[in-house]
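# Structure assessment
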Amino acid sequence: MLQRIQSIYLLAASIVMFGLFLFPLAHNIYVDGKLANVTVTGVYEIVNGQEKHIETFTALTAVTAIIALAPLAVIFMYKNRKKQINFCYIAILALIGYSFWMAQTVKAVVGAITLEYKNMGVGLFLTSLSIILIIFAFKAIQRDEKLVKSADRLR
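As a starting point, this report considers the structure included with it. (Residues numbered from 1 in each chain as written. Predicted model: local features only at pLDDT ≥ 70, side-chain atom pairs only at ≥ 80, totals over all residues. Heavy atoms only, no water.)

## Overview of the sheet that holds strand β2 (residues 34-38)
Pairing is antiparallel across the open sheet formed by four strands, whose spatial order is β1-β2-β3-β4. Edge positions in the sheet fall to β1 (26-31) and β4 (50-56), since each of these pairs with one other strand and no more. Going from strand to strand, the sheet's axes swing by 35 degrees on average, the running direction of each strand aside. Judged from the six bridges that link them, strand β3 (residues 42-47) and β4 form a sheet pairing that is antiparallel. When the sheet's bridge partners are listed, glycine 42 is paired in β4 with threonine 56. The strands that helix α3 (residues 81-110) touches are β1, β2 and β3; relative to β1, the one it contacts most, it runs at about 35 degrees. (Pairing = 2+ DSSP bridges. Helix = DSSP H or I, 4+ residues; strand = E, 2+ residues; numbered from the N terminus. Axes fitted to C-alpha atoms, helices over the stretch in contact; angles between N-to-C directions. Contact = heavy atoms within 4.5 Å.)

Below you can see the structure in the form of structure tokens.
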């Protein structure tokens, strides 16, 4: 069924991942002596209060969209809970790898400068939140599977 709690968790995980397109990964950092913001779509230089696109992360943008759509795909596998559980595992592993890639991209842009807490954007924490939501969905799917198995034994 679509109207289960795991659907809400998976939808929220997908929305959180799409939030990466709105929130910066790092903001107000100096790149080559100029103030800039780093997002999943690229590096934006801040000139007179306006953001000017100076570098594009095409692969990171495409993978972000794919990873954000993955929890939505898991929702529609509701007829096969074992497949849902497997795809939740895969999504969690993909998000861990994606988080590492995203952090390395920010580190490459920032360079030798250490990123301080005040410069970290909300985007750096959204993947962690998405992983937590997928774990909640995973637990709810397991509860459903357990309930169905117990009902099958009673017949």
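## Focus on the pairing of β2
Of the strand pairs in this sheet, β1 and β2 are connected by four bridges, and their pairing is antiparallel. Opposite valine 31, over in β2, you have lysine 34 as the bridge partner. Counting the residues in the hairpin turn of β1 and β2 gives two residues, including aspartate 32, whose phi is positive at 55 degrees. Strand direction decides the pairing type here: β2 and β3, joined by three bridges, are antiparallel. Its bridge partner lying in β3, asparagine 37 is registered against tyrosine 44. Counting the residues in the hairpin turn of β2 and β3 gives three residues.

## Digging into the nonpolar core
One finds Leu20, Val38, Tyr98 and Ile134 to be the most contacted residues of the largest nonpolar core, which totals 37 residues. For valine 38, the residues in contact, after removing those within four places along its chain, are Pro24, Leu25, Ala26, Ile29, Val43, Phe57, Val106 and Val109. (Core = buried A, V, L, I, M, F, W, Y, C linked by side-chain atoms within 4.5 Å. Buried < 20%, exposed > 50% of the residue type's maximum accessible area, 1.4 Å probe, protein only.)

## Quick look at the packing of helix α2 (residues 58-75) against α3
The geometry of a pair of packed helices is captured by two quantities: the angle between their axes and the separation between those axes. Between α2 and α3, the least distance of the axes is 10 Å, while the angle of their chain directions is 160 degrees. As the angle between them shows, α2 and α3 are arranged roughly antiparallel. Note that α2 runs across α3; the crossing there is left-handed. When α2 is examined against α3, the residues Ala59, Leu60, Val63, Thr64, Ile67, Val74 and Ile75 are found in contact with a partner set consisting of Gln84, Phe87, Cys88, Ala94, Leu95, Tyr98, Trp101, Met102 and Thr105. Within the contact of α2 with α3, the residues separate by chemical class into 13 nonpolar, three polar and no charged. (Parallel < 35°, antiparallel > 145°, perpendicular 65-115°, else oblique. Left-handed = near helix turned anticlockwise from the far one by under 90°. Nonpolar A, V, L, I, M, F, W, Y, C, P; charged D, E, K, R; others polar.)

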